[in-house]
Amino acid sequence: MRLGFIGTGAISAAVIHGISKAWGDANAIVVSPRSAEISQDLAQRYRWVRRAESNQEVVDNSDILFLGVMPQQATEVLRSLQLREGQIVASFVAGLEVATLQELTGPSVEVCRITPLPPIAQLEGPVMLYPGLGQVRQLIAPLGVLIEPESDAAMAALSTASGLMSSFFRLSQEAIGWLEERDLPRTQARDYVMAMFAALSKTALRHDPAALEALPRAHETPGGINEACREFLEQERWFETFALGMDAIDERARSLSD
Ligand SMILES: NC(=O)c1ccc[n+]([C@@H]2O[C@H](COP(=O)([O-])OP(=O)(O)OC[C@H]3O[C@@H](n4cnc5c(N)ncnc54)[C@H](OP(=O)(O)O)[C@@H]3O)[C@@H](O)[C@H]2O)c1
């Protein structure tokens, strides 16, 4: 397939790494010249990636056009493009809802929204698609855990969870730092803690979603160390505070989209 990227920044680069890992040379990829450093690096690294001279050249050489510019740049960029009938525009732009995207592109093209996260470069993490256009679904399904929300609102709600990333690393650092204070080498502490968290995430992904509430107890022995920690944190109202963090993410996201 012919794939084009306008706005060759952090997330476009991560998606191109993922597509290249999953599909090899199966696609011809053309990228817009900005950012110069990233687009040059991609074109050097992969023989199926070419750096165009302009945004319009990207449009003219793609069947699926990915939009990876910042929200405040999206309207101007889309208005400047001459899109073809039947072309697909797949937008990464946060907060740019499907109806507005369709208005900006015109009715003769198909549109969808994709929300990837940086680990897509390693074919990991969630990737959201709405609406579920078949050709786009087929392309991105191998890039991560595909999630298909049924509305812009559902996509926005799920995006709230991506505001937990830095807090996850902050929490991990507490555990690793605590071990280092007890003279454990940093690498050992990191490997133990992070390999455990990675395995626990996989356990939850394999588990029946209807019975997720059973997982905490399934990882506790009565009177044991896991129970001790969970009960201490319950007493400290740590989990309620954590849920308030989700509210804070939601509030910030709403204020940014106003
Ligand atoms: N980063 C993430 O984890 C993530 C996840 C999901 C969705 N998103 C969405 O993806 C979009 C891009 O995010 P990002 O983190 O990749 O930002 P970024 O690294 O700043 O990328 C934006 C890119 O757009 C380029 N650009 C600006 N104006 C342009 C124009 N007129 N024509 C062509 N290219 C232009 C910039 O080039 P210059 O450097 O030359 O200005 C830059 O390479 C955002 O809308 C964001 O909401 C990001």
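By convention here, each chain's residues receive numbers from 1 onward along its written sequence. Given that the model is predicted, a residue must reach a pLDDT of at least 70 before its local features are reported, and side-chain atom pairs must reach 80 or more before they are shown or counted; all residues, however, enter totals for whole chains, interfaces and linings. To obtain the side-chain values, all non-hydrogen atoms of the structure were used and water was disregarded.

(A) Structural view of the site of the ligand. A single heavy atom is enough: if one lies within 4 Å of a molecule or strand, its residue is considered near that molecule or strand. As a structural note, the neighbourhood of the ligand is formed by 20 residues, with Ala10, Ile11, Ser35, Asn55 and Val69 the closest of them. Contact distances for the ligand include 2.9 Å between an oxygen atom and a backbone N or O atom of alanine 10. N or O atoms within 3.5 Å of each other form a polar contact, as long as, within protein, one can give a hydrogen and the other can take it, and as long as residues adjacent in sequence are counted only when both atoms are side-chain atoms. Here an oxygen atom of the ligand and a side-chain polar atom of arginine 34 are 3.0 Å apart. Summarising the interface, the protein chains cover 73% of the accessible area of the ligand, which totals 900 Å² for the free molecule. In a pocket analysis with a 2 Å cut-off to the grid points, the ligand is assigned to the second largest pocket. The numbering of helices and of strands both runs from the N terminus, where a helix is a DSSP run of H or I of at least 4 residues and a strand a run of E of at least 2. Looking at the shell around the ligand, the elements that each hand over two or more residues are helix 1 (10-23) and helix 4 (71-79). For the shell around the ligand, the element with the highest residue contribution is helix 4, accounting for three residues. Each accessible area is a Shrake-Rupley estimate made with a 1.4 Å probe; only the visible protein chains count as cover when residues are assessed. Here the term cavity refers to a set of points on a 1 Å grid, laid over the protein atoms alone, in which a 1.4 Å probe fits but cannot get out; the term pocket refers to an open set having protein on both sides within 12 Å along at least five of seven lines, with lining residues being those that place an atom within 4 Å of a point. For a molecule to be placed in a cavity or pocket, more than half of its atoms must lie within 2 Å of the grid points of that cavity or pocket.

(B) Structural detail: helix 1. How far a helix is expected to stretch is found by multiplying one less than its residue total by 1.5 Å. Helix length check: helix 1, at 14 residues, gives a terminal C-alpha distance of 20 Å against a target of 20 Å (1.5 Å per residue), a fit within 8%. Of all the positions in helix 1, only Ser12, Ala13, Ala14, Val15, Ile16, His17, Gly18, Ile19 and Ser20 are classed as buried. The elements touched by buried residues of helix 1 are strand 1 (2-6), strand 2 (28-31), helix 2 (36-45), strand 3 (49-51) and helix 6 (134-140). Residue glycine 24 follows helix 1 closely and has a positive phi angle near 55°. Three exposure classes are used, based on accessible area relative to the maximum for each residue type with a 1.4 Å probe and protein chains only: buried under 20%, partly exposed in between, and exposed over 50%. We call two residues in contact whenever any of their non-hydrogen atoms come within 4.5 Å of each other.

(C) Quick look at the pairing of strand 1. Of all five residues in strand 1, four are buried, a share of seventy percent or more. Each parallel crossover has a hand, and for strand 1 linked through helix 1 to strand 2 it is right-handed. Two strands pair under a simple rule: DSSP has to find at least two bridges between them. Bridge analysis of strand 1 against strand 4 (residues 64-67) gives four bridges, and the strand direction is parallel. Bridge pairing in strand 4 places isoleucine 6 opposite leucine 67. A crossover counts as right-handed when, viewed with the strands pointing away from the observer, the path leading from the first strand over the helix to the second turns clockwise.

(D) Highlighting the sheet that holds strand 8 (residues 145-147). The strand order across the open sheet formed by eight strands is 3-2-1-4-5-6-7-8, and the pairing between neighbours is mixed. Among the strands making up the open sheet, the edge pair consists of strand 3 and strand 8. Mean inter-strand twist for the sheet, computed between neighbouring axes without regard to direction, equals 25°. In the packing of helix 2 onto the sheet, the strands contacted are strand 2 and strand 3, and the crossing angle to strand 3 comes to about 140°. Throughout, an axis means a line fitted to C-alpha atoms (over the contacting stretch in the case of helices), and angles, computed between N-to-C directions, take values from 0 to 180 degrees.

(E) Molecular detail of the pattern of salt bridges. Any carboxyl oxygen of Asp or Glu within 4 Å of a side-chain nitrogen of Lys or Arg constitutes a salt bridge here. What the rule picks out here adds up to 16 salt bridges. Residue arginine 50 is joined to glutamate 57 by a salt bridge in which the shortest nitrogen-to-oxygen separation is 2.7 Å. What makes arginine 50 partly exposed here is its relative accessible area of 38%. The class of glutamate 57 is partly exposed, set by a relative accessible area of 21%. Put simply, arginine 230 and glutamate 234 hold a salt bridge, and the shortest N to O gap is 3.0 Å. Of this pair, arginine 230 and glutamate 234 both sit in helix 11 (residues 225-235), four residues apart, roughly one helical turn. With relative accessibility at 16%, the residue arginine 230 sits in the buried group. Linked by salt bridges that have partners in common, Arg217, Glu220, Arg230 and Glu234 make up one network.

(F) Molecular detail of the UniProt feature "binding site: NADPH" (unreviewed entry) in the protein chain. Residues annotated in UniProt with the feature "binding site: NADPH" (unreviewed entry) correspond here to Asn55. Secondary-structure assignment places asparagine 55 in helix 3 (residues 55-60). Judged by its relative accessible area of 27%, asparagine 55 falls in the partly exposed class. Setting aside residues no more than four positions away along its own chain, asparagine 55 makes contact with Ile6, Ser32, Pro33, Val77 and Leu81. UniProt positions are given in the numbering used here, feature names are shortened, and annotations may be inferred rather than shown by experiment.

(G) Molecular detail of the packing of helix 1 against helix 2. Their axes nearest at 10 Å, the elements helix 1 and helix 2 cross at an angle of 10°. By the criterion of interaxial angle, the relationship of helix 1 to helix 2 is roughly parallel. Facing Ala10, Ala13, Ile16 and His17 of helix 1, the residues of helix 2 in contact are Ile38, Leu42 and Arg45. Angle categories: roughly parallel below 35 degrees, roughly antiparallel above 145, roughly perpendicular from 65 to 115, and oblique for all the rest.

(H) Structural context of the environment of phenylalanine 66. For phenylalanine 66, the position within the fold is in strand 4. Once residues lying within four places of it in the same chain are set aside, the contact partners of phenylalanine 66 are Leu3, Gly4, Phe5, Ile6, Ala90, Phe92, Ile114 and Leu139.

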